Every structure is written in C-alpha cells, then in structure tokens.
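Understanding the architecture of this molecule
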Amino acid sequence: MPESPPSTTTLCPSCAEPLDAEDRFCEHCGADLSLSASGADPSTAGSAASPSGAEAPGAAGGPAGAAPSPAGTAGTDGDRLGSTAAAAGPPGEGPGAAGATAGASAGHPAAGTASTRSAGGAPSAAGAAGTGGDPHGGARPQAAGAGQDGRLGGGHGGTGQPGGGAEGEGPATDAFLLAPPQAAAQPGGGGDTLALGVPLAGAKVSDPREEEPAEENGTVCVACGLGGVDADGYCEHCGHAQPRKRDHQEQELEGVAAVSDRGLRHHRNEDAFALSTTSLPDGTPAVAAVVCDGVSTAYRPDDASAAASVAGNESLLASLERGAPAEEAMRGALMAAFDAVSALAEEETQDGVPHHNAPACTCVSAVVTGPVFTVGWIGDSRAYWIPDDRDRPSARLTEDDSWAARMVSAGLMTEAEAYADDRAHAITGWLGADAVEVDPHVAAFQPESPGVIVVCTDGLWNYAESAAEMAEVVPPDARTRPLHSARTLVGVALDGGGHDNVTVAVLPFPAAVSRAGFPPAQVTEGLGGAVNGL
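What comes next concerns the included structure.

Definitions and limits used
- Residues numbered from 1 in each chain as written.
- Predicted model: local features only at pLDDT ≥ 70, side-chain atom pairs only at ≥ 80, totals over all residues.
- Heavy atoms only, no water.
- Helix = DSSP H or I, 4+ residues; strand = E, 2+ residues; numbered from the N terminus.
- Buried < 20%, exposed > 50% of the residue type's maximum accessible area, 1.4 Å probe, protein only.
- Contact = heavy atoms within 4.5 Å.
- Areas by Shrake-Rupley, 256 points an atom, 1.4 Å probe, with all protein chains shown as cover.
- Pairing = 2+ DSSP bridges.
- Phe/Tyr/Trp six-rings, centres within 6.5 Å; stacked < 30°, edge-to-face > 60°.
- Lys NZ or Arg CZ within 6 Å of the ring centre and 35° of its normal.
- Axes fitted to C-alpha atoms, helices over the stretch in contact; angles between N-to-C directions.
- Left-handed = near helix turned anticlockwise from the far one by under 90°.
- Nonpolar A, V, L, I, M, F, W, Y, C, P; charged D, E, K, R; others polar.
- Salt bridge = Lys/Arg side-chain N within 4 Å of Asp/Glu carboxyl O.
- Expected span 1.5 Å × (residues − 1).
- Core = buried A, V, L, I, M, F, W, Y, C linked by side-chain atoms within 4.5 Å.
- Disulfide = S-S within 2.5 Å.

Quick look at the overall build of the protein chain now. Scanning the protein chain from terminus to terminus reveals 11 helices and 19 strands. Counting the 534 residues in the protein chain, one finds 44% classified as buried. Contacts in the protein chain between residues far apart in sequence, at least 24 positions, make up 61% of those at least 6 positions apart. Of the accessible surface of the protein chain, which amounts to about 26700 Å², a share of 52% is contributed by carbon and sulfur atoms.

Our next topic: the sheet that holds strand E5 (residues 248-253). With antiparallel pairing, the 6 strands of this open sheet are ordered in space as E5-E6-E16-E15-E11-E12. Both outer strands of the open sheet, E5 and strand E12 (395-396), are each paired with one neighbouring strand and no more. Here 6 bridges tie strand E11 (residues 382-387) to strand E15 (residues 451-456), and the two strands are oriented antiparallel to one another. Looking at E15, one finds that Ala383 is bridged to Val455.

We describe a pair of aromatic rings using the distance from one ring centre to the other and the angle between the two ring planes. Summed over the entire model, instances satisfying the criterion amount to 5 aromatic pairs. For the pair Phe373 and Trp385, a centre-to-centre distance of 5.8 Å together with 20° between the ring planes defines the contact as stacked. A residue pair is termed long-range when its members are at least 10 positions apart, and Phe373 in strand E10 (residues 372-378) and Trp385 in strand E11 qualify at 12 residues. Three or more aromatic residues joined by ring pairs make a cluster, and in this case those are Phe373, Trp385, Phe445 and Phe509. The ring of Trp461 has Arg382 sitting right over it, with the charged end atom 3.5 Å from the ring centre.

Another aspect to go through is the packing of helix H5 (residues 301-321) against helix H6 (residues 326-346). One can describe the packing of H5 onto H6 by two numbers: an axis separation of 7 Å at closest approach and a directional angle of 145°. You can see that H5 and H6 cross each other, and the crossing is right-handed. For the pair H5 and H6, contact is made by Asp303, Ala304, Ala307, Ala308, Ala311, Gly312, Ser315, Leu316, Ser319 and Leu320 and by Ala326, Ala329, Met330, Gly332, Ala333, Ala336, Ala337, Ala340, Val341 and Leu344, respectively. A class-by-class count of the residues in the contact of H5 with H6 yields 15 nonpolar, 4 polar and 1 charged.

On to the pattern of salt bridges. Per the stated rule, a full pass over the model turns up 12 salt bridges. A salt bridge links Arg268 to Glu270, with the nearest nitrogen and oxygen atoms 3.1 Å apart. On the basis of relative accessibility, which here comes to 26%, the residue Arg268 falls in the partly exposed class. We classify Glu270 as buried; its relative accessible area is 4%. The partner of Arg268 in a salt bridge is Asp302, and the shortest N-O contact between them spans 3.8 Å. Here the residue Arg268 occupies a position in the loop between strand E6 (256-261) and strand E7 (271-279), and Asp302 occupies one in helix H5, the gap between them amounting to 34 residues. When salt bridges that share partners are traced, they join Arg268, Glu270 and Asp302 into one network.

All right, on to H6 then. With 21 residues, H6 ought to run about 30 Å at 1.5 Å a step, and its terminal C-alpha atoms sit 31 Å apart, in line with that. Residues of H6 that are buried: Ala326, Glu327, Ala329, Met330, Ala333, Leu334, Ala337, Phe338, Val341, Ser342 and Leu344.

This part covers the nonpolar core. Among the nonpolar cores identified, the biggest contains 30 residues, and Met470 and Val504 are the most heavily contacted of them. A total of 5 residues in this core trace back to one element, the largest contributor, which is helix H11 (residues 482-495). In contact with Met470, not counting residues within four places along its chain, are Tyr384, Ile386, Cys456, Leu460, Trp461, Ala464 and Leu489. Within the second largest apolar cluster, 25 residues are counted, among which are Phe273, Trp377, Trp385 and Phe509.

To continue, consider the environment of Ala478. Inspection of the secondary structure puts Ala478 in the loop between helix H10 (467-473) and H11. For Ala478 and Leu507, which are 29 residues apart along the polypeptide, the C-alpha to C-alpha distance reads 9.0 Å. Discounting chain neighbours no more than four positions away, the residues touching Ala478 are Val452, Ser485 and Val506.

Take the state of the cysteines next. As enumerated under the stated definition, the model contains 0 disulfides in all. The thiol of Cys29 is unpaired, and the distance to the nearest cysteine sulfur, on Cys15, comes to 3.6 Å. Judged by its relative accessible area of 16%, Cys29 is buried. Free of any disulfide, Cys292 has its nearest cysteine sulfur in Cys363, 3.6 Å distant.

Moving on, we come to the pairing of E11. The element E11 is extensively covered by neighbouring structure, given that 6 of its 6 residues are classed as buried. Pairing of E11 with E12, which is carried by 2 bridges, proceeds in the antiparallel orientation. Paired with Trp385 across the bridge in E12 is Ala395.

This next bit is on the environment of Ser381. Residue placement: Ser381 occurs in the loop between E10 and E11. Residue classification places Ser381 among the buried residues on the basis of a relative accessible area of 0%. For the pair Ser381 and Leu460, spaced 79 residues apart in sequence, the C-alpha separation works out to 9.6 Å. Those residues within four positions of Ser381 in sequence are excluded, and the remaining contacts are Asp293, Thr362, Val364, Thr398, Cys456, Thr457 and Trp461.

Here the focus is H5. Counted at 1.5 Å a residue, the expected span for H5 with its 21 residues is 30 Å, and the 30 Å between its end C-alpha atoms agrees. Looking one or two residues beyond H5, the residue adopting positive phi is Gly323, at roughly 95°.

Of the pairings in the sheet, the one linking E5 to E6 comprises 6 bridges and is antiparallel in character. Within E6, the position partnered with Gln251 by the bridge is Ala258. Remark: 2 residues form the turn of the hairpin made by E5 and E6, two consecutive strands paired antiparallel; Gly255 in that turn has positive phi of roughly 100°.

The next point concerns unusual backbone geometry. With an omega dihedral of 0°, the bond running from Phe509 to Pro510 counts as a cis peptide bond. Along the chain, the position of Pro510 falls in the loop between strand E16 (502-509) and strand E17 (525-526). Residue Ala16 is not a glycine yet carries a positive backbone phi of 65°. Position of Ala16 among the secondary structure elements: in the loop between strand E1 (10-11) and strand E2 (18-19). In this structure, Arg300 is a non-glycine residue whose phi angle is positive, near 55°. Structurally, Arg300 can be placed in the loop between strand E8 (285-294) and H5.

Structure representation (structure tokens):
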C-alpha cells in the first residue's frame, strides 16, 4: 500500500499553536499572520510601525532586555485603552510601550490584545483582562495605562514626541491626549472657590454672615435681611419675592386708625382705605374713614377700590370744610367714588381689547362730627357700633346690597339660611360703570354713650357677622387704642382662615381729638331725616 504523504501543520510564529490554512489571524493569540507571510517578524512589529522606517520611540526609550512594559487595560476595551495608555510615559519609562502604540498605528487591529516584544526582545505584558498577557512571555500583567510613576498615560511616546511616531512627524495613532488641567492664572492672588479642582481667578466663597446689610435708606429683604429689593420686587441677594406695598397697610391719625391685609388665600390685596381729619367752619373737628372692597370678578378690582377710596375721601373733606351737612357730604362722596371707578372703564387696556366687565367695588364710610356720626355705603361692606359698656347693646349700622339681604327682607329666608346659601355674597349694588343703579345709603346716629365705630369689609365680618359676635372680638380698650384694636380684628380674620382680603377702620366716639367733647344727647335733622339714637 502506498504511503500517505506526510502531513504538514502550520504553526503560529508567535505562540506556536496550530493554524488552519485559511486563517489570517491566530485564534489563540490574535497575531496577524499576514506579517509572517510577507516576511515581517511579528516580534519587531513595534519598530516596523513607523512609516519612515525609523526606530520606534519605545525601542529607543530603554535598554535592550528591559523589564516588561505595562500595557493593556483591566476591562474588555483593552485594545483602545491599552494602546493609548502604553504610550504615555516620559523618555525612558515603560520600554516597549511606544512599540505597542506604533504597532496599532501600523495596522494591527488588536494592539493591546496580542503579545509584542520590546527592542531588546523581552516580552511585554499585553492582552485584555482575563487573558493573562502573553502565555509564553512569562510576564505578569501590570496596572493598565500607568507608567512607572503611577500617572495616567498621556499622548507622548518614549522620546517625548507626540503620538509615538518618528521625530518631526504627526501623531501615529488616534489616541486621546490626556493632559492634566492647568491652573488658571491668578494675578490678584486668587480665591478659594474651585471649579474641577482649578482655582478661579478672583473668586471667593460667598458667606452671608460676612456680607454687609443693604443701605439703611433702601428697602431690605424681609427674608434674609441683607439684600436690597429691585424694581420687580425681588431680593437682589436671595431672590425672595417681597410683599407688595398693599399686602399689608396700617395708618393712624388722631381719632382714627385702619389696617388692611391681603389675607392668606388671595394673591393680592384688592381692598383700600383712606383716613382724614378736618374741621367744620364752626371749628368742630371731623374725623372720617372710607373703606372699599374691589369686586374680584371684575376687571382691575384693586384699582377700583383705590380710586374710590381716594375720590370719596377728598370729596367728603371738601364738602365738610365748606359747611355742607354731613349726610349731604356723604352722599356726594359716594357719587364721587362712583364717578372715579366708572372712569377706569373708559381707559384703554394694554392690548386695546375692552373687557367684558368694568372695574367695580363696594364702599362704606363713616364720619364723626361732634355729637353725631354719619355712615354711608353701597354694597356689602359694613359698619358696626360697639359701646364701651358691653352691657349696652351693640348694633350693625348698615344693610347689605346682596342676594342674602334681599331674601331676608322679602321674608323668603331667615338670616341664617340666606347667608348659608352659595349666593349669599352676590351683591346687588356696587360702584362701577356697569352698575344697574346707584343708590347711596346714608344714615346718621347719635349714641348715648361712648364707644367705637367699626368700618370693615366682608373679609372681617365673615368671621364675626352679628353685632354681638363683633362686640366679642373688639378689645375693651378699643376707644383709647384704635390701631391696636384694628390690628386685633385683622388677626381675628387671619386666625379664622383669612379667606379674603380684610380691612378694618376704628373710629372712637366721641372723636378723640383735642377739641372734641361729648355733649348731652340731642336730635338733629338732616337730609336723611332724624338722627338715630343708639
């Protein structure tokens, strides 16, 4: 029998493992077999990487037979990171590292996974994590991407030339240049604020305890007490929104005081008030308070209440000073307030489109003139009489222009039933261009004993509706401390929930002014008929 021809087995020139005839790369170590086919020695791949044939920087970086150089990366991406990090060391550090980098640039697809040799022939540790480097090189894998001094490799080869290529040439690989950050120049001595570990020039940590408060003549933030307040109403230091001027207002004159507050539920204060004192032609002192409540469902309710309070107060003062009877002056004041609110509807809007409802508000006013005080109102803002002697009866002085009041006056509901209805606060009379009719209500009263007149919006009387309930919350010293009394009553509304804006004016009776006295009870006649006794 003829003998079979001897079989020939091709071995990998790097690891001596058997190869198949069609293999282009070694299945064991990944060596490029095309180099051996073309006569190139894989062991010199690092020096053959330079396009010009110059000796690789890694070969010149250290003596022949040097210790294994660190290459590879702990991870699965050892091909890119290993080739990048291996080329990092300064001249003389990590022999063979540049050879691995140059090998990658010369077309090795697995630089960092295949075993390479340094210029002296000593095996270098390569390969991805878990391969253990070159099984025949005997080198123990070292920390990935670190030079002998432990720094992360940059983009320079063993000779210090960029990229590990020949001197004078561009980078031989696509490696990233990982240069350490440079500290910013600090001509002024520098600060202590760091950005990514780099001091910023002139920066300094802000410490509120070291900052100076805002100027005394400027507005100071109510939250931090340090920053000033800009034109938009926000603190320039902490950004806190500041209360608007109308959110809480207080005023006290001789013989009258008032407080207005936004409440706890509304975003703005749509109430307004005006206080004044004057003298009648005969020298009798007169003290007045005008309180207005903007209709929230109308357009510009805050402007409506402000315009009405100012116009009504000015008209009332002018009429009293020229000697007009108090009731006549009160009627004229309410009509002047109506005209001022109606004029707002004629103003052009910002977008030029008229609104479907005109500005509107309610109004209640009281003026003390000698032994008599006069009350006028339109809407559901109220006035109460609270005597100093709480054994005497208190009284509600006004009747609401509201749905509930009409139901009660018509005998269709009791007062409790009417005000428990959802429609209770729907007003039937108001100041504004779209008012169905304007019928000012005016009444004069002459009490037999001293006390106070409480003039308020529904933001207060919702929590003390009847005269007896109001008398319970008015402080006993209200006549001598009207401002304290007004503050207390606003606090009652806020403690009750503060669902609406609340405004209260307290007028002591008789007027607590230097020339006021308390004459014996008497009856006077006016435009509205006999003065009511209390």
